[in-house]
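Close look at the chain arrangement
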Amino acid sequence: MTSLSKFVSVGRLLILTLALSLVLNCSNRSDQNAQVSNSQDKAPANGLELIRQREVRSQTKPTDQLGNHVSTIDFRVRATEEESKEFSDGIIPWIGLDEPRKEIDRLLDGDRIVIPYKDVTLIIDYPLGNSTSADLRTGREGFSRKSLVSEISRIYKEIYAEEEKTATIITVPRDQRKGLINRNETNGKYAIWGHDLSDLALSLVEVYRSPDGKIVLSLTIES
């Protein structure tokens, strides 16, 4: 075989190899795309999974736009003897928002001023489809844990009451819920989803100073 013939044969072999590689790559991509498509087509098995995914998104909200972080305030309640069976260290790391007065006397450092500002803006976005804010003012030197949780509870109660007034989808009573016991999503002013007020508890308040000097509070709500 001449040198030219050898060169042509090698060239043809390279072309065939490249063509085969392209076919295999296209096939692999098609398989990957099909797998992605199939996984996207599979909806969560039940409403509980949908709520779990939504809670994860809500609790990982970005806070960069709120301003500079100033402090973190925790809310810990001294457990009763019965509650200590579940909380071995004797401390409950949150306080209920529905009836905080039942636990407020057991709130650790409850009377200590933790926000030394008279005016703050509260951001409420969980479990709300339409987030909102509320301005709080105190005539004292600032907010203690007790006064803060009382104000946050009051705002939440107003939000839930307004939701009921403005919604055409009625909240299904607990004793009438089948299967999933979570609160159904309603279509009122705030589009509340997933949880009744009695499900909610406050564990942390993150304090920020906005670029224009306002004190902004972001809440961590347990449910």
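The structure we're discussing is the one just above.
Below: a short report on this structure. (Residues numbered from 1 in each chain as written. Predicted model: local features only at pLDDT ≥ 70, side-chain atom pairs only at ≥ 80, totals over all residues. Heavy atoms only, no water.)

1. A look at the overall build of the protein chain
Filter applied, for reference: The numbering of helices and of strands both runs from the N terminus, where a helix is a DSSP run of H or I of at least 4 residues and a strand a run of E of at least 2. Residue burial is assigned from relative accessible area. The probe radius is 1.4 Å, only protein chains are included, and a residue is buried under 20% of its type maximum, exposed over 50%, and partly exposed in between. Any two residues having at least one pair of non-hydrogen atoms within 4.5 Å are treated as being in contact. For every accessible area listed, the method is Shrake-Rupley and the probe measures 1.4 Å; residues are considered covered only by the protein chains on display.
Scanning the protein chain from terminus to terminus reveals three helices and ten strands. Along the chain direction, N to C, the helices and strands of the protein chain fall in the order α-α-β-β-β-β-β-β-β-β-α-β-β. The 223 residues of the protein chain split such that 35% are buried. Here the contacts in the protein chain between residues at least 6 apart in sequence split such that 63% fall between residues at least 24 apart. For the protein chain, the computed accessible surface area is about 14,100 Å², with 52% contributed by carbon and sulfur atoms.

2. Some thoughts on the side chain of Thr186
Residue placement: Thr186 occurs in the loop between helix 3 (145–166) and strand 9 (201–209). On the accessibility criterion, Thr186 (3% relative accessible area) is buried. When sequence neighbours within four positions are dropped, the list of residues in contact with Thr186 reads Glu163, Ala167, Ile169, Ile170, Thr171, Ala191 and Ile192.

3. Re the pattern of salt bridges
Operational definition: One speaks of a salt bridge when a side-chain nitrogen belonging to Lys or Arg is within 4 Å of a carboxyl oxygen belonging to Asp or Glu.
Tallied over the full model, the rule gives 13 salt bridges. Here Asp74 makes a salt bridge to Arg76, at a shortest N to O gap of 3.7 Å. Here Glu99 ties to Arg101 by a salt bridge, and the two come within 3.1 Å at their closest N and O atoms. Judged by relative accessible area, Glu99 falls into the partly exposed class, the value being 28%.

4. A few points about the environment of Ala191
You can see Ala191 is positioned in the loop between helix 3 and strand 9. Given a relative accessible area of 12%, Ala191 falls into the buried group. Here the alpha-carbon distance between Ala191 and Ile169, two residues 22 residues apart in the chain, equals 10.0 Å. Residue contacts for Ala191: discarding those within four places in its chain leaves Pro127, Leu128, Gly129, Asn130, Glu163, Glu185 and Thr186.

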